[in-house]
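Tertiary structure, described
The residues making up each chain are set out below.
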Amino acid sequence: MNKMRFSRIHPEKTAVCFTFDDNFSRHGGMIAPAFLRRGFRCTFYVNPGEEGFEEKHKEAYGALLRQGFEIGSHGYVHDNLSKLPPAHALKNLQNAATRIRDCFGVYPATFAFPYHDYTGQTLAMAKALHLETRNTLPYSVWVAIRSGTPLSVYLSAVSQCVSQNRPLVFSGHSAVTSREEADDERLKNETGYNPILLGDLETLLDEIKSQSGRLQALTFEQAALLAYIRRYGTIDGDAFFLPQERFDALSAFGLCDKRLKKLI
Ligand SMILES: [Zn+2]
């Protein structure tokens, strides 16, 4: 057995994760600052095979990674893996992971299926390459961020997850400062599909912050690591024990000891 200490994760608190997809400049420009202002981090799921990805996004996502945000894989391009021949789905997953690692120097530990669509077969492929997928974190509740969903829906999901101590995973695309922005066709490249109002996001983050005694905003990979430690190890106060072969398995997903210390 091998011992490590928690320094960032509070294992007794309910985890809340925010994930945003699809390569939007507002990830770095609008969403990340809202998290940083509160000392929080979140996850961005990228498609590194999108045309012009490096020119458009490499610098911004590289900076986010250095600030402690997670850059995860959302597939090489935004294909529905369930609808591809299996060999193509596998290539899509492999190419995405390799390109992200080459681009940013960090292997993407977690994966988010485009369209939230997966089969037993594509899930097995994704789990062979990644620690966890956004849709399969044990006991988690998943809530889509959709334009027009009242803030109260998100807030009640938070209180329900706290009372049941279940991880909560919000998933969205981008953000807007007003309803008019969401409807503005000229901004579609930045605002994306079903953007959340920035004001609602900020209120939600403030609510999470105000309950910091029992809630913790984590990146998805941090929440997945905590679930992994619960499953295969034992937690004792602010330390945990995990068999060496489980540490070895984590390093296959880019989670070497050095990186674990930063995340855990
Ligand atoms: Zn997507």
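The preceding data block contains the structure.
Presented here is an overview of the structure given in this document. (Residues numbered from 1 in each chain as written. Predicted model: local features only at pLDDT ≥ 70, side-chain atom pairs only at ≥ 80, totals over all residues. Heavy atoms only, no water.)

This part covers the coordination of the zinc ion. Around the zinc ion, the protein supplies Asp22 (OD), His74 (NE2) and His78 (NE2) as donor atoms, at distances of 2.1 to 2.3 Å. Between consecutive donors of the zinc ion, the numbers of intervening residues give the motif D-x51-H-x3-H. Taking the relative accessible area as the measure of exposure, His74 reaches 1% and is therefore buried. On the accessibility criterion, His78 (26% relative accessible area) is partly exposed. (Donors = N, O, S within 2.8 Å, 3.2 Å for Na, K, Ca; no water. Buried < 20%, exposed > 50% of the residue type's maximum accessible area, 1.4 Å probe, protein only.)

What follows concerns helix α9 (residues 220-232). Between its first and last C-alpha atoms α9 spans 18 Å; for 13 residues at 1.5 Å apiece the expected length is 18 Å, and the two agree. The element α9 is largely enclosed, with a buried count of ten among its 13 residues. When α9 is considered as a whole, its buried residues turn out to be Phe220, Glu221, Gln222, Ala223, Ala224, Leu225, Leu226, Ala227, Tyr228 and Ile229. (Helix = DSSP H or I, 4+ residues; strand = E, 2+ residues; numbered from the N terminus. Expected span 1.5 Å × (residues − 1).)

Attention now goes to the pairing of strand β3 (residues 43-46). In β3, alternate side chains face the same way, and those of Thr43 and Tyr45 on one face and Phe44 and Val46 on the other are all buried. Bridging between strand β2 (residues 14-21) and β3 involves three bridges; their strand directions are parallel. Bridge pairing links Thr19 to Thr43 in β3. A crossover connection joins β2 to the parallel β3 through helix α1 (residues 25-36); in handedness this β-α-β unit is right-handed. Alignment of β3 against strand β4 (residues 70-73), held across four bridges, turns out to be parallel. Each bridged residue has a counterpart across the sheet, and for Val46 the counterpart in β4 is Ser73. (Pairing = 2+ DSSP bridges. Right-handed = clockwise from strand over helix to strand, strands pointing away.)

We now examine the state of the cysteines. According to the stated counting rule, one finds zero disulfides in the structure shown. In this model Cys17 remains outside any disulfide bridge; the closest cysteine sulfur is found in Cys42, 10.0 Å from its own. With relative accessibility at 0%, the residue Cys17 sits in the buried group. Not engaged in a disulfide, the cysteine Cys161 finds its nearest cysteine sulfur in Cys17; these two sulfurs lie 10 Å apart. Taking relative accessible area as the criterion, Cys161 reaches 2% and is therefore assigned buried. (Disulfide = S-S within 2.5 Å.)

Scanning all chains against the criterion turns up one cavity of 30 Å³ or more. Of the pockets and cavities examined, the largest cavity occupies roughly 60 Å³. The wall of the largest cavity is formed by Ile145, Arg146, Ser147, Gly148, Thr149, Tyr154, Arg179, Pro195, Ile196, Leu197 and Asp200. Tallied by class, the residues present in the lining of the largest cavity amount to five nonpolar, three polar and three charged. (1 Å grid on protein atoms, 1.4 Å probe; cavity = no way out; pocket = protein on both sides within 12 Å on 5 of 7 lines; lining within 4 Å. Points joined across faces, edges and corners; volume = space filled by probe spheres on them. Nonpolar A, V, L, I, M, F, W, Y, C, P; charged D, E, K, R; others polar.)

This part is about the pattern of salt bridges. For the structure on display, the rule yields 13 salt bridges. As a salt-bridge pair, Arg38 and Asp206 come within 2.6 Å of each other at their nearest N and O atoms. Of this pair, Arg38 sits in the loop between α1 and β3 while Asp206 is found in helix α8 (residues 198-210), placing the two residues 168 residues apart along the sequence. A relative accessible area of 38% places Asp206 in the partly exposed class. A salt bridge links Arg259 to Glu221; the nearest nitrogen and oxygen atoms lie 2.8 Å apart. Here Arg259, found in helix α11 (residues 257-263), pairs with Glu221, found in helix α9; they are 38 residues apart in sequence, far enough to count as distant. (Salt bridge = Lys/Arg side-chain N within 4 Å of Asp/Glu carboxyl O.)

This next bit is on the sheet that holds strand β12 (residues 234-236). On the basis of which strands lie adjacent, the open sheet formed by three strands has the order β1-β13-β12 and antiparallel pairing. Both outer strands of the open sheet, β1 (2-5) and β12, are each paired with one neighbouring strand and no more. Averaged over neighbouring strand pairs, the angle between their axes works out to 25° when direction is ignored. The sheet contact formed by β12 and strand β13 (residues 239-242) spans three bridges and is antiparallel. The residue of β13 that forms the bridge with Thr234 is Phe241. Contacting β1 and β13, helix α10 (residues 244-251) runs over the sheet at an angle of about 90° to β13. (Axes fitted to C-alpha atoms, helices over the stretch in contact; angles between N-to-C directions. Contact = heavy atoms within 4.5 Å.)

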